[in-house]
Amino acid sequence: MTLTVDQLDTDVLIVGGGLAGLRAAIAAAEGGVRVMIACKRKAGRSGNTLVAEGGIAVGSPNVDPEDSIEQHVADTLASGKDLCDPILSRMLAENSEKEVFGLTRFGVVLGRDKSGNLLRGQPPGHTKRRSLRAESDHLPKNARGQSITIPLLKFAENLGVTLLDRTPILRLLSRDGAIESALAMDEEKERYLVIHAKAVIIAAGGAGQMFSLTNNTADITGDSYALALDAGADLRDMEFPQFYPNWGISPFRSTISSVMMGEGAVFRNKNQERFMPSYYPEAKDMATRDQTSLAIFQEVQAGRGVEGGVYLDASGVDREVLEVKFHHLTEAMRRLNLEFGKDPVIVTPVVHHYMGGISVNRHLESGVHGLFAAGEACGGTHGANRLSGNAFSECIVFGALSGAAATEYARGREMPRPAGKESIAAMLPSLAFQEEGPDIADLRREMREINWKKNGIIRTEESLLAG
Ligand SMILES: Cc1cc2nc3c(=O)[nH]c(=O)nc-3n(C[C@H](O)[C@H](O)[C@H](O)COP(=O)(O)OP(=O)(O)OC[C@H]3O[C@@H](n4cnc5c(N)ncnc54)[C@H](O)[C@@H]3O)c2cc1C
């Protein structure tokens, strides 16, 4: 098949239309430059943002009178096992209140109880009740992220941001250490696009689909990292996938918010024993995700698991809290003629998030000039373990900051010249469709299994090297 090649240009190109990409697009467009979002699927309706539960961490006395930015930083660093980039962790905490409450400017509605108070939760690892969320009860469970992305998408469109949906970026091209253009596939018009840009922000999410078991959406295949590495940027902490302990496998498959542990839910093994206190006598069921995943894994390995997981017992959670805060789950159970908190629910750990990612400085710029990153594409903010709600805060804060930084950079640059026929031809051959060779589906399955086994819940230098 021979495809045509067309050329486009923009000041700031954003790769990915999830929360980080949309927030970055608004910041750049408000800075007065031309902005384009190229998205593998549909901007605002794709990526992990779409299916997220929507917890957003904001450490501020205006959310919890006993909280502070310093406490949010301390909790983030402790959860990350002091392997965080402390500058990035602090930037996240310092800007979260302004940026999260600033979402209301775009039409996002924060969730409140019947008395009008902000709904706040305290997921494991947070020492204060600082987890907010956008109002999303009207949305289907697997599309709650639209409570934020659709208002942002509309706002971006009104600012004149160009949307290229179903247009995955295949490769980023740099010259003399600076980003210059991107090669994309316009799937609808069946053509290649060479997009020239003064600055590029990678916001193509994490890499959950590189593992056998994940709750990530199908489009999250590690493209952020592959594109950055190929363009000459450094990655960091790639041995840190995050495992989420509360992935429901029975009676339905779904993420069960860890906020529920803060409301009194506990884990039990097949003998109905609470096992978390024996692993973590202080934190018990409020241990962080990495600790809980490890404990569940060990219970299953020791033969005390049930269907490859353990029970999540929500009988201690207040009924009204269950109905208000976990409405989607209680509804899902009701549809099966079951009752949450009474009938058994089984959970197991799956890959949920990537803490590793593109190495960036305080301007969210990688080692390649003009190449920025935001959201799950970035590495370092969360160290070895991310706290619940900190991913959304990171997308919102780093989206805004990277958009502003990329705009500043683009203002001082000339537009790269259109590529000649020869340089376009040089980009394409290695991407040509292969008629022969190994089956891609087989390779993908094998890669996922290797990652699951060698970069899994228990991993060592030896297993990583072998993988
Ligand atoms: C089930 C689940 C629940 C979660 N709940 C929470 C929560 O409550 N709170 C929280 O803080 N975090 C949560 N997270 C994590 C959080 O959702 C993600 O870290 C965050 O949404 C990532 O946003 P992003 O914009 O960086 O990437 P995504 O939202 O993943 O978006 C990536 C975008 O890039 C596009 N893309 C991918 N490859 C390419 C390419 N080559 N070219 C162009 N576009 C591309 C995708 O189509 C998509 O539009 C949850 C995650 C999951 C899986």
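Everything below is about the structure printed above this text.
The structure contained in this document is the topic of the report that follows. Everything numeric here is computed off the predicted structure, so don't read it as measured data.

1. Some points on the overall build of the chain
And step 1. Within the chain one finds 15 helices and 16 strands.
And step 2. Taken along the three principal axes of its C-alpha coordinates, the chain extends 70 × 50 × 40 Å.
And step 3. For the chain, the proportion of its 467 residues judged to be buried stands at 57%.
And step 4. Long-range contacts, defined as pairs at least 24 residues apart, comprise 72% of the intrachain contacts of the chain with a sequence gap of at least 6.
And step 5. Surface exposure of the chain reaches about 19,800 Å², of which carbon and sulfur atoms provide 49%.
And step 6. Between the averaged position of the 51 positive side-chain charges in the chain and that of its 60 negative side-chain charges there is a distance of 3 Å.

2. Section: the packing of aromatic side chains
And step 1. One pass over the full model with this rule turns up 8 aromatic pairs.
And step 2. Seen from their ring centres, F211 and Y354 are 6.2 Å apart, and the 45 degrees between their planes marks the pair as tilted. A residue pair is termed long-range when its members are at least 10 positions apart, and F211 in the loop between β8 (191-202) and α6 (223-231) and Y354 in strand β14 (residues 346-354) qualify at 143 residues.
And step 3. Classification of F211 by relative accessible area gives buried; the value is 1%.

3. Here's the deal with the packing of helix α1 (residues 19-30) against helix α12 (residues 390-411)
And step 1. In contact at an axis separation of 7 Å, α1 and α12 are set at 35 degrees when each is read in the N-to-C sense. Two packed elements cross with a definite hand, and for α1 against α12 that hand is right-handed. In this structure, α1 uses L19, A20, R23, A24, A27 and A28 to contact α12, whose residues at the interface are F392, C395, I396, G399, A400, S402, G403, A404 and T407.
And step 2. Looking at the contact of α1 with α12 residue by residue, the classes come out as 10 nonpolar, 4 polar and 1 charged.

4. Quick notes on the pattern of salt bridges
And step 1. Across all of its chains, the model carries 29 salt bridges by this definition.
And step 2. Between R90 and E94 there is a salt bridge, with the nearest N and O atoms lying 3.3 Å from each other. Here E94 and R90 lie together in helix α4 (residues 86-101), a separation of 4 residues that amounts to about one turn.
And step 3. Looking at R90, the relative accessible area reads 29%, which means it is partly exposed.
And step 4. Its relative accessible area of 43% is what places E94 among the partly exposed residues.
And step 5. Of the charged contacts, one joins D237 and R236 as a salt bridge, the two residues approaching to 3.1 Å between their closest N and O atoms.

5. Regarding the sheet that holds strand β11 (residues 254-255)
And step 1. Taking strand neighbours across the sheet as the criterion, the 5 strands line up as β11-β10-β14-β13-β12 in an open arrangement whose pairing is antiparallel. Of all strands in the sheet, those bounded by a partner on one side alone are β11 and β12 (266-268).
And step 2. As defined by bridge partners, β12 adjoins strand β13 (residues 310-313) across 3 bridges and the pair is classed as antiparallel. Within β13, the position partnered with R268 by the bridge is Y311.
And step 3. Packing against the sheet, helix α9 (residues 289-301) makes contact with β10 (241-250), β12, β13 and β14, and its axis sits at approximately 55 degrees to β10.

6. Structural notes on the site of the ligand
And step 1. Residues in close proximity to the ligand total 40 residues, the closest being S46, T49, D219, E376 and F392.
And step 2. In this structure, A20 approaches the ligand through a main-chain N or O atom, which is 3.0 Å from an oxygen atom.
And step 3. Within the contact set of the ligand, a nitrogen atom lies 2.8 Å away from a side-chain nitrogen or oxygen of D223.
And step 4. Relative to its free-state accessible area of 1,000 Å², the ligand is covered by the protein chains to the extent of 99%.
And step 5. If you list the elements that add at least two residues to the shell around the ligand, you get α1, α2 (47-51), β14 and α12.
And step 6. Residue composition of the shell around the ligand, grouped by class: 15 nonpolar, 18 polar and 7 charged.

7. Considering the pairing of strand β7 (residues 178-186)
And step 1. Buried residues dominate β7, accounting for 9 of its 9 residues.
And step 2. Here strand β6 (residues 169-175) hands over to β7 after 2 residues, with D176 in that stretch at a positive phi of 50 degrees.
And step 3. From the end of β7 to the start of β8, which pair antiparallel, there are 4 residues, and E190 there has a positive phi angle of about 50 degrees.

Procedures and definitions
- Residues numbered from 1 in each chain as written.
- Predicted model: local features only at pLDDT ≥ 70, side-chain atom pairs only at ≥ 80, totals over all residues.
- Heavy atoms only, no water.
- Helix = DSSP H or I, 4+ residues; strand = E, 2+ residues; numbered from the N terminus.
- Buried < 20%, exposed > 50% of the residue type's maximum accessible area, 1.4 Å probe, protein only.
- Contact = heavy atoms within 4.5 Å.
- Areas by Shrake-Rupley, 256 points an atom, 1.4 Å probe, with all protein chains shown as cover.
- Lys, Arg positive; Asp, Glu negative; His and termini not counted.
- Charge placed at Lys NZ, Arg CZ, Asp CG, Glu CD.
- Phe/Tyr/Trp six-rings, centres within 6.5 Å; stacked < 30°, edge-to-face > 60°.
- Axes fitted to C-alpha atoms, helices over the stretch in contact; angles between N-to-C directions.
- Left-handed = near helix turned anticlockwise from the far one by under 90°.
- Nonpolar A, V, L, I, M, F, W, Y, C, P; charged D, E, K, R; others polar.
- Salt bridge = Lys/Arg side-chain N within 4 Å of Asp/Glu carboxyl O.
- Pairing = 2+ DSSP bridges.
- Near = heavy atom within 4 Å.
- Polar contact = N/O pair within 3.5 Å; in protein donor to acceptor, adjacent residues only side chain to side chain.

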